[in-house]
Amino acid sequence: MRSDNDIILSTDHLVKTYRGATSPAVDGVTLSVGKGSIFGLLGPNGAGKTTTISILCTLLQPSAGKATLLGHDVVRDAAAVRGKIGLVPQDIALYGSLTARENLYYFARMLRVPKSLIESRINESLQLVELTECADQRVSTFSGGMKRRCNLAVAILHHPEILFLDEPTVGIDTQSRNLILERLTELKQQGMTLVYTTHYMEEAQQICDDVVIIDGGRVIASGEPRQLVAEAGGCDNLEELFLVLTGKQLRDRTE
Amino acid sequence: MLLLANIKKELLLLSRDRVSLLVLFVMPMVLVLILSLIQDDLFRATGGAATTALFVNLDEGELGHEFEKSLQDNGALELVKSLSGKEIDSAAARKSVFNGEYQFAIIVPAGFSATINQSAEDAVRGALRDEKVIPRSSRITVIFDPAVRGVYRSAVLNALQLGVVGLELSRKGAVFEKLLPEELQRNIEAQMGSYAPTDLADQLPRISFDWTNQSLISLDEELASPKKYATLPTSVQQNVPAWTLFGMFFIVIPLAGTLIRERQEGTLTRLMTMPVSNGSLLLGKVSAHLLICLIQFGLMIMVGRFILPLFGTPVLELGSDPLALLLVAVSAALAACGFGILVGVVARSYDQAAIFGSVSIVIAGALGGVMVPVYVMPRFMQKISVLSPLGWGLDAFLDIFVRDGRISSVLPQVAALWTFFLVCLAVALIVFRRWRQGY
Ligand SMILES: Nc1ncnc2c1ncn2[C@@H]1O[C@H](COP(=O)(O)OP(=O)(O)O)[C@@H](O)[C@H]1O
Ligand SMILES: [Mg+2]
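Since the model is a prediction, treat every value here as computed from it, not as a measurement.

### Let's talk about the overall build of chain A
The secondary structure content of chain A amounts to nine helices and ten strands. C-alpha atoms of chain A, sized along the principal axes, occupy 50 × 40 × 40 Å. Taken across its 255 residues, chain A has 53% of its residues classed as buried. Considering only contacts in chain A between residues 6 or more positions apart, those separated by 24 or more positions represent 67%. Here chain A displays about 11,300 Å² of accessible surface, and carbon together with sulfur accounts for 47% of that area. Chain A carries 26 positive and 31 negative side-chain charges, and their two centres are separated by 7 Å.

Written out as structure tokens, the structure is:
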């Protein structure tokens, strides 16, 4: 088992109730993430995955509970947290009228990458997501898969200690998706910690060291994927387990 | 400095948004061209320059000429007596006004001198003999283009009235000078019969009536706020700064637009997870757009100096303090950008920002005297116009252009513009900080 020294991120009964909402979007989530692992935050639509990630990335104030990241409280020490994390948002967050390189350059500056390193970091990022060829094209001309890859490239420019990825493979072609998954494993091998949300269970089983499954803002299962499947009995894979746990009814977005 | 990187990005984004730039630069130029040219004539009329009018003199005597001369001396009217080389008659004058080629025609009727001389004599004799007479009067006809506005019309009528009164007075004076001795002689003879001296008229002191033309009282126009409207601007001096400010404030839409787009497209969320301060994000936007405003300003000044004169307007006179001019331009641009960033923070969608932004600019423009100069507004509207930041800017520009204003004299407006900017920015920063803290 991990020692406490290996825990890079932990939350304690995290609660978030949006203003005007009747029930909390995140309802007492407690989890801990080991250094250098890929941690999967799984759940159907509306489970509270994005909300949880937003709190961890200093974008949202929790209504209750606390979260500590690299020894910093995400609320009180938000500024200290910001330089150390990377976020791949659920939606493409790039300037469409700028080229990939211009986007990367600007965000590298905002991430305070030292000027002498910017050039090499941009090339490294571009290489990692295999966009070097199209680096000087405007992002608006990119395909969905290319945009997703570029979205990822921005978040690793500063070699963050923890990289948050909110559904980084949603709605793209198989090639781009496989490439992204492959690269995430590579990043892990370089020592980066990844916190990753998805509702593709197959994907999670493939790359995650640990997962929590949340539904309705609550943690309904947590552990290593293989172990979870084994313990449940009668399930062959994470997908089946997931359906057993969360039910088969549709989860259409209403927001 | 992250601020510089932010400015660079904003400029890059702007440079990729050709349509917005085109609107920002071309719209005020087109507006200023159209409005300066439309209003050129109006400003000449109200600004003290002479108005041209057709003058038809059907009189055979000397009084028609005398009237003409007094109008010309008075300086309010410039008289045109022939059209394309031909002396005009009253029918041609009427037609020309009807067609809108001239706005006024003044027609002195035939027999004008004879009638006036006769009437003056009747009136003076009646007065000397203490009899009641109603002298015949003569008419001078003034034909107006119906499109001529009331103020303008009464200005011309006043000038004519002045000429008529002067003429009457000098006529009556001359007749009095002639009749007084005759009447005295007649009276004395009637009372003293043959004892009366025959050369009485020669012994009377000579009376000259030259004084009828000498004015003893002159009207010295002075307005309650002495400096303010002492000199009126030319149409170019009014319209160039007015529409420049209007165009500059339209920066609100692209500026609010970039902020809203960043909110909607998630780049702002992304930035908020990065170690960059709120100030350098917002000030980056403000600075880049400020630069655009100043380029707009420079272009508009060029239009006023070099392009408008090609169409026959006066050259834009910039006053004598370029530093004050720059200070006002920067302050107005800041106010515009501050408002833009505020709208960008408060509006919920681009459409909302565009509609709210443009409507509020049009209203503030109207109040501030962009469309209709403040000095021709009704008094209570003049009071309300003090509320418009465009009004502050315009007032300061006019002060520099027309009233030889200096930095010290435009300081109140500059301070108001800065205050407006700082308040807008402060509110935007407060709202922005709350977002960032994730409430
Ligand atoms: N800004 C918001 N305001 C109010 N409710 C929200 C907001 N964002 C998300 N929610 C609600 O909170 C719940 C969790 O949403 P989210 O965290 O986005 O789920 P997930 O990312 O797992 O799909 C949903 O019911 C959603 O409707
Ligand atoms: Mg989500």
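### Considering helix α9 (residues 238-246) of chain A
All names here are of chain A. Taken residue by residue, α9 has Leu238, Leu241, Phe242 and Thr246 as its buried positions. Down the axis of α9, the buried set is contained in an arc of 110°. They therefore lie on one face. Where the residues of α9 are buried, they touch β3 (38-42), α7 (201-207), β9 (210-215), β10 (218-223) and α8 (225-232). The backbone nitrogen of Glu239 lies 3.2 Å from a side-chain oxygen of the residue at the head of α9, namely Asn237. Following α9 by one or two positions, Gly247 has its phi on the positive side, about 80°.

### Remarks on the packing of helix α8 (residues 235-249) of chain B against helix α12 (residues 322-346) of chain B
All names here are of chain B. Closest axis-to-axis distance for the α8/α12 pair is 9 Å, and the angle between their directions is 35°. Considering only the axes of α8 and α12, their crossing is right-handed. For the pair α8 and α12, contact is made by Leu245, Met248 and Phe249 and by Ala329, Ala332, Ala333, Ala335 and Ala336, respectively. For the contact of α8 with α12, the residue count by class is eight nonpolar, no polar and no charged.

### What about the sheet that holds strand β5 (residues 72-73) of chain A?
Residue and element names in this part refer to chain A. Taking strand neighbours across the sheet as the criterion, the four strands line up as β2-β1-β4-β5 in an open arrangement whose pairing is antiparallel. On the outer flanks of this sheet lie β2 (26-34) and β5, each paired with one strand and no other. Pairing analysis gives seven bridges linking strand β1 (residues 7-16) to β2, with the strands arranged antiparallel. Across the sheet, residue Ile7 finds its bridge partner in β2, namely Gly34. Packed on one face of the sheet, helix α1 (residues 49-56) meets β1, β2 and β4 (64-69) and runs near 120° to β1.

### Some remarks on the domain arrangement of chain A
As a measure of interface size, the accessible area lost when the parts come together is often cited. All names here are of chain A. You can read the domains of chain A as domain 1 (1-84 + 162-172 + 183-247) and domain 2 (91-159). Summarising the inter-unit geometry, the C-alpha centres of domain 1 and domain 2 are found 25 Å apart. Each partner contributes residues to the interface: domain 1 has twelve residues there, and domain 2 has eleven residues. Together, Leu163, Ile172 and Arg183 form the three largest contributors to the area buried by domain 1 at its contact with domain 2, with a combined 45%. The tally of links from domain 1 across to domain 2 stands at one salt bridge. The closest approach of N and O atoms between Arg183 and Glu130, which form a salt bridge, is 3.4 Å. When residues of the side of domain 1 that touches domain 2 are traced back to their parent elements, those giving at least two are β7 (162-166) and α6 (174-189). When grouped by side-chain class, the residues that make up the side of domain 1 that touches domain 2 number eight nonpolar, one polar and three charged.

### A look at the confidence of the model for chain B
A residue-level look at chain B finds 89% of positions with pLDDT of 70 or above and a mean pLDDT of 85. The ipTM for the predicted assembly is 0.93, set against a pTM of 0.77.

### Quick notes on α8(A)
All names here are of chain A. Those residues of α8 lying buried are Pro225, Leu228 and Val229. One side of α8 holds all its buried residues, which, seen down the axis, span an arc of 95°. Facing away from the buried side of α8, by more than 90 degrees, are the exposed residues Arg226, Ala230 and Glu231. Gly233, located one to two residues past α8, shows a positive phi value of around 70°.

### Here's the deal with the coordination of the magnesium ion (ligand 2)
Those protein atoms acting as donors to the magnesium ion (ligand 2) are Thr50(A) (OG1) and Gln90(A) (OE1), and they sit at 1.9 to 2.3 Å. With a gap of 40 residues between them, Thr50(A) in helix α1 and Gln90(A) in the loop between β6 (85-88) and α3 (100-110) connect regions that are remote in the sequence.

### Points about unusual backbone geometry
Within the chain, Thr58(A) stands out as a residue other than glycine whose phi angle is a positive 70°. Residue placement: Thr58(A) occurs in the loop between α1 and β4. Thr58(A) gets classed as buried once you look at its relative accessible area, which sits at 4%. The phi angle at Asp404(B) is positive, at roughly 60°, despite the residue not being glycine.

### Let's talk about the confidence of the model for chain A
Here chain A shows a mean pLDDT of 91. Residues at 70 or above account for 95%. Averaged over each element, pLDDT in chain A is lowest for α9(A) (83) and highest for α3(A) (97).

Quick notes on the rules
Residues numbered from 1 in each chain as written. Chains lettered and ligands numbered in written order. Predicted model: local features only at pLDDT ≥ 70, side-chain atom pairs only at ≥ 80, totals over all residues. Heavy atoms only, no water. Helix = DSSP H or I, 4+ residues; strand = E, 2+ residues; numbered from the N terminus. Buried < 20%, exposed > 50% of the residue type's maximum accessible area, 1.4 Å probe, protein only. Contact = heavy atoms within 4.5 Å. Areas by Shrake-Rupley, 256 points an atom, 1.4 Å probe, with all protein chains shown as cover. Lys, Arg positive; Asp, Glu negative; His and termini not counted. Charge placed at Lys NZ, Arg CZ, Asp CG, Glu CD. Arc of directions from axis to C-beta. Polar contact = N/O pair within 3.5 Å; in protein donor to acceptor, adjacent residues only side chain to side chain. Axes fitted to C-alpha atoms, helices over the stretch in contact; angles between N-to-C directions. Left-handed = near helix turned anticlockwise from the far one by under 90°. Nonpolar A, V, L, I, M, F, W, Y, C, P; charged D, E, K, R; others polar. Pairing = 2+ DSSP bridges. Domains from an automatic or database assignment. Buried area = accessible area lost by both parts, 1.4 Å probe. Salt bridge = Lys/Arg side-chain N within 4 Å of Asp/Glu carboxyl O. pLDDT = per-residue confidence, 0-100. Donors = N, O, S within 2.8 Å, 3.2 Å for Na, K, Ca; no water.

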